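Residues per chain are reported as follows:
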Amino acid sequence: MKKSILSLTAVVAISGAFTIPVQAEEVTVKNGDTLWGLSQSHKVSVEDIKSWNQLTSDYIYVGDSLHISQEEQYTVKAGDTLSKIANKYHVSIKDLKSWNNLNTDTIHPKQALVIKPAANKVEAASTGPDNKAEHAAPAQETAPVQKTAPTQPEKTEKENNVSQNESNQDNVAKEMTVRATAYTADCQGCSGVTATGVDLKANPNQKVISVDPSVIPLGTKVYVEGYGYATAADTGSAIKGNKVDIFIPNKEDALNWGVKNVNLKILN
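Structural notes, computed from the coordinates.

**Notes on the packing of aromatic side chains**
For any pair of aromatic rings, the description rests on two quantities: the centre-to-centre distance and the angle between the ring planes.
Next, step 1: A full pass over the atoms with the stated rule returns five aromatic pairs.
Next, step 2: Residues Y59 and Y61 carry aromatic rings whose centres are separated by 5.9 Å and whose planes lie at 25° to one another, so their mutual orientation is stacked.
Next, step 3: Assessed through its relative accessible area of 26%, Y59 is described here as partly exposed.
Next, step 4: Plain terms: the ring middles of Y183 and F247 are 5.9 Å apart, the flat faces sit at 55° to each other, and that makes the pair tilted. Remark: F247 occurs in strand β10 (residues 243–247) and Y183 occurs in strand β6 (residues 172–184); sequence separation between them is 64 residues.
Next, step 5: When its relative accessible area of 0% is taken as the criterion, Y183 is described as buried.

The following block contains the structure:
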């Protein structure tokens, strides 16, 4: 199917000659909030919010306090190495390479690198006098949420569906991390018909993803983090290996999805 891939990347340019301190924002969950909605409004991924707050599921409750850190950009200077930059920002070399799609440890002066503040930076902003809590701040912050969950207001239907879907592990045949972009049939020249014959213009509520059939066969049922249950029903010339393209009927929503690494479950 002919389609356009729409992505939006937020970039903050800063000088590599100095470091702008990482600012962590504390967000109080309000009625109707979801991890997906918060990730979109703060330009971060669901996976990052869960990592920063030591969340093991997509459950959040009214009144919860969540730490959210914005990513920043670092410009490589002469003499810099990945190890040196990783130590400076208290992140791992593996994460630096993943965030910036690096296949080697080689970097060059004036190269722009995305830095996503690690969870321990968020912890440092809220450490108290109790030294024993120094390395376990996120776990202690989230533990009361689990214990007091029954007293919180009832979860939304969407949250209940996510929980039920995630807990049904017996149907999962394989799990992988994929790089996901978004596309829409609402564009000039787009036919709106997928490789398997699904008319997306006539059926805009269909949950469809474009895949590399050698990795995920067409017709496969999947569960995509932040998107939900879907069918592998389309292909694309740029979709190779562990890449997928999710169908979103609204152009603005497709732009807001951007490009992100998400968990994908192949279902039996």
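**Quick word on the pattern of salt bridges**
Next, step 1: Per the counting criterion, the structure on display carries four salt bridges.
Next, step 2: Note that K30 is salt-bridged to D33, the shortest N-O span being 3.8 Å.
Next, step 3: When its relative accessible area of 16% is taken as the criterion, D33 is described as buried.

**Focus on the pairing of β6**
Next, step 1: Summarising the sheet, β6 and strand β11 (residues 260–267) pair through eight bridges and their orientation is antiparallel. Within β11, the position partnered with V172 by the bridge is L267.
Next, step 2: With five bridges connecting them, β6 and β10 associate as parallel partners. Residue pairing for β10: A182 is matched across the bridge by I246.

**Overview of the pairing of β11**
Next, step 1: For β11, the tally of buried residues reaches six of eight residues, placing the bulk of the element in the interior.
Next, step 2: Judged from the three bridges that link them, strand β8 (residues 221–224) and β11 form a sheet pairing that is antiparallel. Within β11, the residue paired with V222 across the bridge is I266.

Cut-off values and rules
Residues numbered from 1 in each chain as written. Predicted model: local features only at pLDDT ≥ 70, side-chain atom pairs only at ≥ 80, totals over all residues. Heavy atoms only, no water. Phe/Tyr/Trp six-rings, centres within 6.5 Å; stacked < 30°, edge-to-face > 60°. Buried < 20%, exposed > 50% of the residue type's maximum accessible area, 1.4 Å probe, protein only. Helix = DSSP H or I, 4+ residues; strand = E, 2+ residues; numbered from the N terminus. Salt bridge = Lys/Arg side-chain N within 4 Å of Asp/Glu carboxyl O. Pairing = 2+ DSSP bridges.

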